[in-house]
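A structural walkthrough
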Amino acid sequence: MNTRAPAVQARQLVKTYPGDVTALNGMDVTVEPGTVFGLLGPNGAGKSTTVKILTTLARPDSGTATVAGHDVLRHPDRVRRAIGVVAQNSGADPVATGRENLRLQGRLYGLRGAALNRRVDELLDRFTLTEAAGRQVKGYSGGMRRRLDVALGLVHRPEVLFLDEPTTGLDPEARTAMWDEIGRLAGEEGLTILLTTHYLEEADRLAERVAIVDRGRVVVEGTPDSLKGELRGDAVHVELREAPGEAGRTLLAGALTGLPGVHEALFDGRRISARADDGAAAMPALLAALERAGVTVAAATVARPSLDDVYLRYAGRRYAEADTTDSLALAGGAR
Ligand SMILES: Nc1ncnc2c1ncn2[C@@H]1O[C@H](COP(=O)(O)OP(=O)(O)OP(=O)(O)O)[C@@H](O)[C@H]1O
Ligand SMILES: [Mg+2]
């Protein structure tokens with residue numbers, strides 16, 4: 001196989017579900033071999049549908065896709081041999097043990113005897129499941145279960161690994177451990193990984209390239225830094241002791257945007273968000289202008305724009321407004 005060919009290439013995928021639901025509306029994805037690519041988007045954006053098509057579990061209405069050089073529609077069997085899939089919902093058998101799950105998966109891919117034993121032990125060790133190997137999976141913690149899911153996807157040493165929301169529902173500690181493991185897989189084993197996530201931080205940390213997906217298509221793509229770099233300057237956040245009134249806001253906005261290198265000042269209660277060419281350089285003049293205007297500053301910070309700012313710019317709404325998973329989880333809905 002030509003190693004320079006993309007590991008994953010999807011062009012103009014369209015998928016509608018009964019009831020006139022457009023899940024994908026011209027989805028394009030290209031993943032270079034040996035890299036981690038993140039599909040980032042809110043609930044219902046079309047991430048899982050894309051993964052299902054690329055892993056031959058669903059057919060597009062139109063569009064084309066190749067994975068590891070094989071066409072997903074013409075040679076689904078070749079694609080399946082080349083990929084590992086970790087679905088959004090665990091595929092492990094809860095009444096079998098971790099070891100039994102791994103052995104079964106290995107046998108499905110033709111591993112037998114000593115080679116199977118070796119591979120299973122290796123994966124149990126690498127995902128710190130050796131101690132729990134003999135216990136039924138239903139007794140595993142969320143983090144252990146997710147680690148087993150990833151191990152199951154790796155049994156047959158795939159070229160391309162699909163991870164559909166590898167850390168959703170994990171506590172911060174388990175999430176960080178999973179991030180470390182995914183980083184190692186990509187770095188040491190040269191695996192190509194396509195992961196989906198609705199965590200901005202996860203995409204930023206793990207993926208070399210990120211595509212932000214909204215309503216069934218990619219709205220913007222690039223490295224996390226290049227996406228953030230497209231937003232001019234730094235984000236400057238100032239918190240005032242008291243919220244200014246309407247007249248005060250107008251006055252302050254005029255005073256701030258009149259400063260050299262400072263653009264736009266947005267007010268939200270006691271909070272002012274401004275954009276500055278060089279946040280640190282603008283800060284003294286900005287604070288002095290606020291003092292002249294007679295308001296007291298409680299706190300001030302300078303930050304590089306976040307992926308949230310990128311999302312706002314391209315999707316036209318705040319990421320938190322578009323994504324409702326966490327609030328659903330908090331409301332106790334098992335979705
Ligand atoms: N089997 C199905 N039947 C009908 N509609 C579906 C089906 N699967 C997905 N959809 C719809 O397609 C759209 C895209 O869903 P998809 O699961 O791809 O989103 P997602 O980005 O993975 O979201 P999430 O972050 O919630 O997992 C949604 O509107 C969803 O309701
Ligand atoms: Mg999904």
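In this report, we go over the structure that sits alongside the text. Numbers given for residues are sequential positions, taken from 1 along each chain in its written order. To label them, take the chains in the order written and letter them from A, then take the ligands in the order written and number them from 1. Two thresholds apply to this predicted model, a pLDDT of at least 70 for residue-level local features and 80 or more for giving and counting side-chain atom pairs, whereas whole-chain, interface and lining totals are computed over all residues.

**So, the pairing of strand β3 (residues 36-40)**
As a reminder, the rule being used: Residue burial is a threshold on neighbouring C-beta atoms within 10 Å of the residue's own C-beta, all placed from the backbone, with 20 or more meaning buried, 12 or fewer meaning exposed, and counts in between meaning partly exposed. Elements are defined by DSSP. Helices are runs of H or I of four residues or more, strands are runs of E of two residues or more, and each kind is numbered from the N terminus. For two strands to pair, DSSP has to find at least two bridges joining them.
Of all five residues that make up β3, five are buried, and the element is covered over most of its length. Burial along β3 is two-sided: V36, G38 and L40 facing one way and F37 and L39 facing the other are all buried. Note: β3 against strand β8 (residues 192-197), five bridges, orientation parallel. Bridging across to β8, G38 finds its partner in L195. Of the strand pairs in this sheet, β3 and strand β9 (residues 209-214) are connected by four bridges, and their pairing is parallel. Bridged to L40 within β9 is I212.

**Focus on the packing of helix α3 (residues 98-108) against helix α4 (residues 113-126)**
Filter applied, for reference: Only the stretch in contact is used when a helix axis is fitted, and all axes are lines through C-alpha atoms; the angle between N-to-C directions ranges over 0 to 180 degrees. Roughly parallel here means an angle under 35 degrees, roughly antiparallel means over 145, roughly perpendicular means 65 to 115, and every remaining angle is called oblique. Crossings are sorted by hand: turned counterclockwise from the far helix by less than a right angle, the near helix makes the crossing left-handed, and turned clockwise it makes it right-handed. The contact criterion used here is simple: two residues whose C-beta atoms, placed from the backbone, lie within 7 Å are in contact. Each residue gets one of three labels, nonpolar for Ala, Val, Leu, Ile, Met, Phe, Trp, Tyr, Cys and Pro, charged for Asp, Glu, Lys and Arg, and polar for the others, Gly among them.
The N-to-C vectors of α3 and α4 enclose an angle of 130°; their axes lie 10 Å apart at closest approach. Considering their axes alone, α3 and α4 lie oblique with respect to each other. Note on packing geometry: the crossing formed by α3 with α4 is right-handed. On α4, the residues that touch G98, R99, L102, R103, G106 and R107 of α3 are L116, R119, V120, L123 and L124. Each residue belonging to the contact of α3 with α4 can be placed in one class, and the counts come to five nonpolar, two polar and four charged.

**Observations concerning the nonpolar core**
Put simply, the test is: Among buried residues, those of type Ala, Val, Leu, Ile, Met, Phe, Trp, Tyr and Cys that are joined through C-beta atoms within 7 Å form a set called a nonpolar core.
Residues V8, L54, A151, F162, I193 and L194 are the most contacted members of the largest nonpolar core, which totals 68 residues. In this structure, L240, I272, A274 and V295 belong to the second largest nonpolar core, which totals 13 residues.

Nothing here speaks to function; it is geometry throughout.
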